[in-house]
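# Coordinate analysis (summary)
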Amino acid sequence: MSLVRAPAALSVPGDILAGATAAGRPLGPRTVGAMASSVCLYWAGMALNDYADAAVDSVERPARPVPSGRVPRRTALAVATGLTGAGLGLAAVSGGRRGLAVALPLTALIWAYDLKLKSTPAGPAAMAGARALDVLAGAVAGGANPPWHAGGGGTAGALARGAVPALLTGVHTYTITALSRHEISGAPSRLPATTLAVSSATALSTVLPSVLPAVLPPRRDLPRAEVARTAVASAGVLAYLGTYGWAQVRAVRDPRASSVRRAVGAGILAMVPLQAALTARAGAPVAAALLGALHPVAQRLARRVSPT
């Protein structure tokens, strides 16, 4: 559980759901298969992280599984390798060539980040790219062009429709990764102030397309489905800002390591309400509400096993 940060995996299926909903087909066997593949790759990244960071963690995080001796370093590598194979296999079975077309570069980014890029200036961008690719994996799993979507069909059309949620998810991930570099030493207050501004802009960009038609003239009665979409998207953004946003406010006031760590943990779990808002915005408020219900579950589990 602690080696792969098991509770944090609840932040992963929503990437696929948000991408698939944007592509027009949120549910189906291929979507479920892509979710399973994504969780395996996420867990692989967590295990590989502990393998790669064993020396650093022995000083900075001695309670982690590898430096504490609970898990041998070679076992962490074996787990990472096995989960990577499982993730790629599930991508191939559920999505065929299209699934592998996204899963392979996603896997490459995960391994490159953990083994080389994490401590470089490219680290945050690499992690942001990985989460963006995860959303695009959902868009590809969402499949063909549905009847209510204009625009191109096939893989290119699905990727185009998934681009906005992928970008917003990637931007959010960038802020978390930038903060995570200061979990041990603390951060200058300008850093959480900057990430707070960026995450606030991310929240507004997510919800405004749903809210503006309801508040701008000419005023009109909205269909029930549009009201539900707006309500669920708004609730997701409020939960996002109420957890991750507030944690960043506290880090601005007190930028010591403990506050930054709490902000990072809140940001990982806040993926869920952000994904729910993106899913609702794309027209699937029921699926979004069910996804949003995972957020308090993930918060409770995170008290037992740290997501960072």
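Residues numbered from 1 in each chain as written. Predicted model: local features only at pLDDT ≥ 70, side-chain atom pairs only at ≥ 80, totals over all residues. Heavy atoms only, no water.

## Structural notes on the packing of helix α10 (residues 224–253) against helix α13 (residues 285–292)
Each pair of packed helices can be summarised by the angle the axes make with each other and by the distance between the axes. Where we set the bar: Lines fitted to C-alpha atoms define the axes, with helix axes restricted to the stretch in contact, and inter-axis angles between N-to-C directions lie between 0 and 180 degrees. For helices the rule is a DSSP run of H or I covering at least 4 residues; for strands it is a run of E covering at least 2, with both sets numbered from the N terminus onward. The cut-offs work like this: below 35 degrees is roughly parallel, past 145 is roughly antiparallel, 65 to 115 is roughly perpendicular, and the gaps in between are oblique. Note: crossing handedness is left-handed where the near helix turns anticlockwise from the far helix by less than a right angle, and right-handed where it turns clockwise. Contacts: residue pairs with any heavy atoms within 4.5 Å of one another.
Viewed as axis vectors pointing N to C, α10 and α13 meet at an angle of 20°, and their least axial separation amounts to 9 Å. Between α10 and α13, the crossing angle belongs to the class labelled roughly parallel. Along this stretch, α10 crosses α13, giving a crossing that reads as left-handed. Residues A228, R229 and V232 of α10 form the contact with α13, whose own contacting residues are P285, A288 and A289.

## Quick word on a nonpolar patch on the surface
For the record, the criterion: Every patch collects residues that have over 30% relative accessible area and no salt bridge, joining them within 9 Å if they carry like charges and within 5 Å if they are nonpolar side chains (Val, Leu, Ile, Met, Phe, Trp, Tyr). Working definition of accessibility: Shrake-Rupley area with a 1.4 Å probe, residue cover restricted to the visible protein chains. The term salt bridge refers to a pairing of a side-chain nitrogen on Lys or Arg with a carboxyl oxygen on Asp or Glu at a separation within 4 Å. Working definition: with a 1.4 Å probe on protein chains only, accessible area under 20% of the residue-type maximum means buried, over 50% means exposed, and in between means partly exposed.
On the surface, L204, L208 and L212 cluster together into a nonpolar patch covering about 240 Å² of accessible area. Summarising the element assignment, L208 is placed in helix α9 (residues 190–215). Using a relative accessible area of 34% as the deciding quantity, one classes L208 as partly exposed.

## Let's talk about the layout of surface pockets
As a reminder, the rule being used: Of the grid points, spaced at 1 Å and generated over the protein atoms alone, those admitting a 1.4 Å probe that cannot get out make up cavities, while open sets with protein on both sides within 12 Å along at least five of seven lines make up pockets; any residue with an atom within 4 Å of a point is treated as lining. Grid points are joined across faces, edges and corners, and a volume is the space filled by probe spheres set on the points. As a working rule, the residues Ala, Val, Leu, Ile, Met, Phe, Trp, Tyr, Cys and Pro are called nonpolar, Asp, Glu, Lys and Arg charged, and the rest polar, with Gly in that last group.
In this model, the largest pocket occupies a volume close to 960 Å³. Lining of the largest pocket is provided by 41 residues; of these, N49, Y113, K118, M127 and S180 occupy positions nearest its centre. Only α2 (29–52), α3 (54–60), α5 (73–117), α6 (123–142), α8 (163–180) and α11 (257–269) provide two or more residues apiece to the lining of the largest pocket. Here the lining of the largest pocket takes seven residues from α2, the largest share from any one element. Here the lining of the largest pocket is built from residues that sort into 18 nonpolar, 10 polar and 13 charged.

## Description of α8
Put simply, the rule is: Expected span, for any helix, means 1.5 Å times one less than how many residues it has.
Between its first and last C-alpha, α8 extends 25 Å over 18 residues, near the 26 Å set by a 1.5 Å rise per residue. Along α8, the residues that are buried comprise P165, A166, L168, T169, G170, H172, T173, T175, I176, T177, A178 and L179.

## Details of the environment of A18
By secondary structure assignment, the location of A18 is in helix α1 (residues 13–23). A residue is classified by how much of its surface remains accessible, and A18, at 2% relative accessible area, is buried. For A18 and G138, which are 120 residues apart along the polypeptide, the C-alpha to C-alpha distance reads 7.1 Å. Residues within four places of A18 in sequence aside, it is in contact with P165, Q275, L278 and T279.

## Observations regarding empty space enclosed by the protein
Enumeration according to the criterion identifies one cavity of 30 Å³ or more in this entry. In this structure, the largest cavity encloses a volume near 160 Å³. Contributing to the lining of the largest cavity are 18 residues, with A34, A91, S94, G99 and A137 lying nearest its centre. Contributions of two or more residues to the lining of the largest cavity are made by α2, α5 and α6. Take the lining of the largest cavity: its biggest share by element is eight residues, from α5. By residue class, the composition of the lining of the largest cavity is 10 nonpolar, five polar and three charged.

## What about the pattern of salt bridges?
Counting across every chain of the model gives eight salt bridges. A salt bridge links D57 to R64, with the shortest nitrogen-to-oxygen separation between them at 3.2 Å. On the basis of relative accessible area, R64 is assigned to the buried category, the value being 12%. We note a salt bridge from D254 to R256, for which the minimum N-O separation is 2.8 Å. Judged by its relative accessible area of 22%, D254 is partly exposed. For R256, a relative accessible area of 55% translates into the label exposed. Residues joined by salt bridges that share partners form a network here, namely R5, D50, D57 and R64.

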